[in-house]
Amino acid sequence: MTGSYLRTYFLAKYITSNAPALAKLITPLQGFLIETNGYRKMGLRYDDLISEENPIVQKAINRLPPNEYYDRVFRIRRAHQLSLMHQLLPKEEYLKPEQDVRYLTPYILEVEAEMKEREYFDTMAVVTK
């Protein structure tokens, strides 16, 4: 899951920085897809949707500051409760696009880089003369 998420993340970054014509086509579609997905109507951020079943994501979540971790748990529990009641938040409580920031992605990238570095050093061959 995390590998595909990161590939998608980097592909989106590449498109927005290197293919402006394609970015102009995709950006309106992106807004439409986010709106129809409905996670903001339940008060969730995009990074709240990342599955916690991956060890990389678990390490990243453990690195979150305590207040951000608490906010994440609160948003997920509130969304779960709303889902059970088949309701959405009132319109004034919907998450606004400027509030939907990637708070977990930097930690995931950091953990993934550390794991790649650890793997590189663990598989390094020692040459003796």
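Being a predicted model, the structure only gives us computed values, none of them experimental.

Caption draft 1: Examining unusual backbone geometry more closely. A positive phi angle, near 55°, is found at His 86, a position not held by glycine. With respect to the secondary-structure elements, His 86 resides in the loop between α4 (66–84) and α5 (105–122).

Caption draft 2: Summary view of the side chain of Asp 100. Relative to the assigned elements, Asp 100 resides in the loop between α4 and α5. Exposure remark for Asp 100: the relative accessible area of 8% places this residue in the buried category. Setting aside residues no more than four positions away along its own chain, Asp 100 makes contact with Tyr 39, Arg 40, Arg 45, Tyr 46 and Leu 95.

Caption draft 3: Examining the pattern of salt bridges more closely. Enumeration according to the criterion identifies eight salt bridges in this entry. For Arg 63, the salt bridge goes to Glu 114, with nearest N and O atoms at 2.6 Å. Taken together, the residues span a long stretch of sequence, with Arg 63 in the loop between α3 (55–62) and α4 and Glu 114 in helix α5 at a distance of 51 residues. Of the residues examined, Arg 63 reaches a relative accessible area of 32% and is grouped as partly exposed. Connected through salt bridges with shared partners, the residues Arg 45, Asp 48, Glu 52, Glu 68, Arg 72 and Arg 75 form a single ionic network.

Cut-offs applied
- Residues numbered from 1 in each chain as written.
- Predicted model: local features only at pLDDT ≥ 70, side-chain atom pairs only at ≥ 80, totals over all residues.
- Heavy atoms only, no water.
- Helix = DSSP H or I, 4+ residues; strand = E, 2+ residues; numbered from the N terminus.
- Buried < 20%, exposed > 50% of the residue type's maximum accessible area, 1.4 Å probe, protein only.
- Contact = heavy atoms within 4.5 Å.
- Salt bridge = Lys/Arg side-chain N within 4 Å of Asp/Glu carboxyl O.

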